[in-house]
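Notes for the structure review
Residue strings, one per chain:
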Amino acid sequence: MRIFISSVQREFAREREHLRDYVRGDPLMRRFFEVYLDEVGRCDIYVGLFGTDYGFEDEDGISPTEREFDRATELEKHRLIFVKGAEGDERHSKMRALINRAQAGLVRRRFATPAELVAGLYAALVQYLEAKELLRFGPFDDARCSGAALDDLNVEGMYRFIRVARRSRKFPLPEETPPPDLLRHLNLLSGGRLTNAAVLLFGKAPQRFLISSEVKCAHFHGTEVAKPIPSYQVYKGTVFELVDQAVDFVMSKIALAVGTRAETVQAPAAYEIPKEVVTEAIVNAVAHRDYTDNSSVQVMLFADRLEVMNSGRLPPSLTVEKLRVAHQSLPANPLIAESMYLLRYIERMGTGTVDMIRRCAEAGLPEPEFEAGAGFVTRIWRKAETTPKTELTTRKPASTTPITTPKTGQATPITTPKTVPERILALLAAQPRMTRKQLAERVGLTLDGIKYHMRRLKASGAIVRVGSSRAGHWQVLEPGISGSARKQPENNQKPAGPDPEGPR
């Protein structure tokens, strides 16, 4: 948008240059505005600088400054007026009359220094952008959804929402409540228009208005992203439908153990990853993501882990460490979170991640990992001995393979290890100077996966680093020995170097 800065008076030559340089240099302002100093008719915003002098008068006794103001008024430009000096300052009578004319519907501010002028213009332009809905200070879900109308909502879905919410949370509205009344009760209208939250919660086709609100799910047989992808789905719909579809995708791909009827009539069944953990990870991604970002929520199931990624960011008061204990609930999209709470998708208590950690421990799984950066990643580790479903019928018994030990140099027949930790120990016993990157390639894990298992092995006393990070090596000790009774390396050497885990 073009800004025209009026006043050909000499007293404002420095201020005009200062404003132009500021708008062009400010990271926010230059995204929206460009300054023009030549013609008022081409501008979108007229900025008038009024001082003590009236300036040169034409044959009608009118200065160029007043001509420009009248032209901007005639063309109905958005006008911002800044007056230099205090009210009682000596001022040309015609300039005083011009200032008095610049009244209704205008932003009038006084300034004494160029810094005050810049601050005043910045505040006025921010208000302009906010009024035009080009700049948003509130949450995304509270903003108006451009082009959406009541006909774009699923009315039956709204009635169903009321029925379920009444049973789940004692929702006060009766089941026959008209849709507009439900929207008002849930604060899903802004100035009589639908908000983004209304479309995401009840839209017939939310992705028609918010295209990136879909969820992409993929299943890989290995531990890395690789083509061809065995199973890939892109899900669309409301936030409720997105969560349900993504959870069903994951649960259909992971192992399900069915017990016997020894104690109950119905045979007990347990998924490899508790369904509550999968649901919590996906709900968090859908509810807390940044919907202004063009990327979609991604749910990726690998042979060793489940990763759920979204574009959201942790609020400043939260850290990854705080997610491991009970913390304050700070939803990025509070209107969406409120409706998901009413249907029991979330609890709004800041305990979701804590419950995930507890349920994974109860299921014998490693603790979930959380990563916060440009986006947010939840990583849930699968059981080390888990084999993809496609391989269950072709699994072969363990074979005997000779592995050379570092001390004797003799080949000792041992059973091929099944679990990831056993494979790591076997590789390090054979090649003590292997790096974590080399281990990841040999074991078939990501570098993060190797780091996790290496930390566990070190904590249990199964391995220890001898020497420096570059010149040292790994020594395999007796697995399971506690730290206090851990066998020390030969010659009483202790781990040294800046990175006790060795080179990457």
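Our subject is the structure that appears above.
Here's what I pulled together on the structure shown here. (Residues numbered from 1 in each chain as written. Predicted model: local features only at pLDDT ≥ 70, side-chain atom pairs only at ≥ 80, totals over all residues. Heavy atoms only, no water.)

Some details on the side chain of Thr353
As a reminder, the rule being used: Per the convention used, a helix needs a DSSP run of H or I reaching at least four residues, while a strand needs a run of E reaching at least two, with both numbered from the N terminus. Only protein chains enter the accessibility calculation, which uses a 1.4 Å probe; a residue is then buried when its area is under 20% of its type maximum, exposed when over 50%, and partly exposed in between. Residue contacts follow a heavy-atom distance rule, with two residues in contact if any of their heavy atoms lie within 4.5 Å.
Examined against the element boundaries, Thr353 turns out to sit in helix H12 (residues 352-362). The class of Thr353 is buried, set by a relative accessible area of 8%. Once residues within four sequence positions are removed from consideration, Thr353 is found in contact with Glu280, Asn284, Leu323, His327 and Phe370.

Concerning the packing of helix H10 (residues 275-288) against H12
The description of two helices packed together rests on the angle between their axes and the distance between the axes. Here is the rule: Working convention: axes come from line fits to C-alpha atoms, limited for helices to the stretch in contact. Angles between N-to-C directions cover 0 to 180 degrees. Put simply, angles under 35 degrees are roughly parallel, angles over 145 are roughly antiparallel, angles from 65 to 115 are roughly perpendicular, and the rest are oblique. Crossings are sorted by hand: turned counterclockwise from the far helix by less than a right angle, the near helix makes the crossing left-handed, and turned clockwise it makes it right-handed.
Their axes nearest at 9 Å, the elements H10 and H12 cross at an angle of 155°. As judged from the angle between their axes, H10 and H12 are roughly antiparallel. Our pair here, H10 against H12, has a crossing hand that is left-handed. Across from Glu276, Val277, Glu280, Ala281 and Asn284 in H10, the residues of H12 making contact are Gly352, Thr353, Met356, Arg359 and Cys360.

Re the sheet that holds strand E13 (residues 305-310)
Filter applied, for reference: A pair of strands is treated as paired once DSSP finds two or more bridges between them.
Read from one edge of the open sheet, six strands run E9-E8-E12-E13-E15-E14, paired in mixed fashion. Strands with a single pairing partner mark the edges of an open sheet, and in this sheet they are strand E9 (231-235) and strand E14 (369-372). In this sheet, neighbouring strand axes are inclined to one another by 10° on average, regardless of whether the strands run parallel or antiparallel. Examined bridge by bridge, strand E12 (residues 297-301) and E13 share four bridges and lie antiparallel to one another. By the bridge assignment, Gln298 is partnered in E13 with Met309. Set on the sheet, H10 makes contact with strand E8 (215-219), E12, E13 and strand E15 (376-381); between it and E13 the angle comes to about 15°.

Some remarks on the pairing of E8
When you tally the buried positions in E8, you get four out of five residues, the bulk of the element. Taken together, the five bridges between E8 and E9 define a ladder with antiparallel strand orientation. In the sheet register, Lys216 faces E9, and the bridge partner there is Val234. The pairing of E8 with E12 spans five bridges and is classified as parallel.

Some details on the environment of Tyr36
As for its position among the elements, Tyr36 is in strand E2 (residues 34-36). Looking at Tyr36, the relative accessible area reads 26%, which means it is partly exposed. Placed 16 residues apart in sequence, Tyr36 and Arg20 show a C-alpha to C-alpha distance of 8.2 Å. When neighbours within four sequence positions are excluded, Tyr36 is seen to be in contact with Arg2, Ile3, Phe4, Ile5 and Arg42.

Quick word on the environment of Ala326
Examined against the element boundaries, Ala326 turns out to sit in the loop between E13 and helix H11 (334-342). For Ala326 and Thr353, which are 27 residues apart along the polypeptide, the C-alpha to C-alpha distance reads 8.3 Å. In this structure, Ala326 is in contact with Gly350 and Val354, ignoring residues within four places of it in sequence.

Some thoughts on the pairing of strand E18 (residues 463-466)
Alternating residues of E18 divide into Ile463 and Arg465 and Val464 and Val466, and every residue in both groups is buried. When E18 meets strand E19 (residues 473-476), the two strands line up antiparallel, connected through four bridges. Opposite Val464, over in E19, you have Gln475 as the bridge partner.

Observations concerning helix H9 (residues 239-251)
Stated formally: A helix is expected to span 1.5 Å multiplied by its residue count minus one.
Across its 13 residues, H9 extends 18 Å between first and last C-alpha, which sits within 8% of the 18 Å expected from 1.5 Å per residue. Looking only at H9, the buried set comprises Val239, Phe240, Leu242, Val243, Ala246, Val247, Phe249, Val250 and Met251.

Topic: the packing of aromatic side chains
Quick reminder of the rule: Stacked, tilted and edge-to-face pairs are distinguished by plane angle, under 30 degrees for stacked and over 60 for edge-to-face with tilted covering the rest, among Phe, Tyr and Trp rings (Trp via its six-membered ring) whose centres lie within 6.5 Å. Counting as a charge over the ring demands two things of the Lys NZ or Arg CZ atom: a distance within 6 Å of the ring centre and an angle within 35 degrees of the ring normal.
For the coordinates displayed, the defined rule picks out 14 aromatic pairs. Where Phe50 meets Phe69, the ring centres are 6.2 Å apart and the plane angle is 75°; that geometry is what we call edge-to-face. Within this pair, whereas Phe50 is found in strand E3 (residues 45-50), its partner Phe69 is found in helix H3 (residues 64-74), the two being separated by 19 residues in sequence. Just as Phe50 is buried, Phe69 falls in that class too. With centroids separated by 5.1 Å and ring planes inclined at 15°, the aromatic side chains of Phe220 and Phe302 adopt a geometry described as stacked. With a gap of 82 residues between them, Phe220 in the loop between E8 and E9 and Phe302 in the loop between E12 and E13 connect regions that are remote in the sequence. Site record: aromatic cluster; members linked through ring pairs are Phe161, Phe171, Phe202, Phe240 and Tyr345. Taking the ring centre of Tyr291 as reference, the NZ or CZ of Arg289 above it sits at 4.5 Å. Between the NZ or CZ atom of Arg305 and the centre of the ring of Phe302, over which it lies, the distance is 3.9 Å.

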